Amino acid sequence: MTETMAAPEVLADDEFIADWGHPTHAHDFHQFLYVPLGRITVTAHGCEHRLSPSVGVWIPAGVPHSARFGPDSLIVVETFETDLYRLPHTEVTTVNVTDQQRRLLLSRMRRSAPADDADVFAALSAGHRASLPLPRPSSRVASAVAEQLSRTPSDPRTAAEWARSLHSSSTSLRRAFRAETGLAFSEWRTRLRLNESLELLDRGHLVSAVAARVGFTSANGYILAFRRHFGQTPGAYVRMSVARSA
């Protein structure tokens with residue numbers, strides 16, 4: 001027999017924040033959390049969302065959630081009133097933070113910036129809503145590989161070939177990706193390619209052409225990877241996108 005666990009107490013606000021984080025609570029406003037330094041884990045409905053300097057999170061109003069802060073974390077919070085802003089997410093959703101968004105958030109920390117800024121909301125909502133979270137590595141060699149792959153996702157070089165070109169070892173490179181992003185090098189590259197493919201699908205490119213352009217060796221391999229990560233085929237994703245915009 002399945003045992004039903006009691007739901008945690010949900011508090012109304014976060015005035016009780018502690019050094020380690022805060023227990024389950026809900027807001028009456030939308031919140032965007034970003035951590036330019038360190039790491040945060042936000043938990044909602046039993047799912048953990050790990051933030052890093054390249055991954056932020058949207059928390060819709062009314063959604064119960066808790067948070068754990070790393071000991072050296074720097075936290076950036078933006079809030080938006082529900083009667084002024086329509087958030088495209090109904091659940092806690094991690095999003096990739098671009099360099100432009102990062103600069104915007106940091107600049108607002110350095111000055112007395114108004115809350116509920118429409119331009120800020122538009123900028124933070126600009127990322128592709130279906131993109132997979134993709135933390136960036138921070139060490140020199142892994143960061144260089146990630147930067148070059150971001151420019152050319154179809155680059156076919158293996159971890160060993162990347163390491164040789166940067167006078168490192170494949171073991172060190174693989175270990176850096178795992179430790180700094182939580183993903184194996186191959187999985188990180190697959191997510192990058194899948195994220196890149198979303199924009200191409202949105203522009204109307206054929207699935208086979210998209211697969212080749214982002215670096216998959218076959219259309220079938222691309223379709224299988226897409227289904228594994230997004231829960232549907234590229235064709236179903238396109239049909240859903242068309243229906244949503246109609």
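Scroll up to find the structure this text is about.
Let me sum up the structure you'll find in this document. Since the structure is predicted, the reported quantities are computational estimates derived from the model, not experimental observations. (Residues numbered from 1 in each chain as written. Predicted model: local features only at pLDDT ≥ 70, side-chain atom pairs only at ≥ 80, totals over all residues. Heavy atoms only, no water.)

Side note on helix 7 (residues 207-214)
(1) Moving on: When we look at burial in helix 7, the residues that qualify are V210, A211 and V214. All buried residues of helix 7 fall inside an arc of 100 degrees around its axis, so they share one side.
(2) Moving on: If you follow the buried residues of helix 7, they end up packed against helix 6 (185-202) and helix 8 (219-230).
(3) Moving on: Backbone geometry just downstream of helix 7 places G215 in the positive-phi region, at approximately 115 degrees. (Buried < 20%, exposed > 50% of the residue type's maximum accessible area, 1.4 Å probe, protein only. Helix = DSSP H or I, 4+ residues; strand = E, 2+ residues; numbered from the N terminus. Arc of directions from axis to C-beta. Contact = heavy atoms within 4.5 Å.)

What to know about the packing of aromatic side chains
(1) Moving on: For the coordinates displayed, the defined rule picks out 12 aromatic pairs.
(2) Moving on: Between F226 and F230, the ring centres sit 4.6 Å apart and the planes meet at 50 degrees, which makes this aromatic pair tilted. Separated by 4 residues within a single helix, F226 and F230 lie in helix 8, roughly one turn from each other.
(3) Moving on: On the basis of relative accessible area, F226 is assigned to the buried category, the value being 0%.
(4) Moving on: Counting every residue linked through ring pairs, the aromatic cluster contains F32, W58, F80, Y85 and F121. (Phe/Tyr/Trp six-rings, centres within 6.5 Å; stacked < 30°, edge-to-face > 60°.)

By themselves, these figures tell us nothing about what the structure is for.
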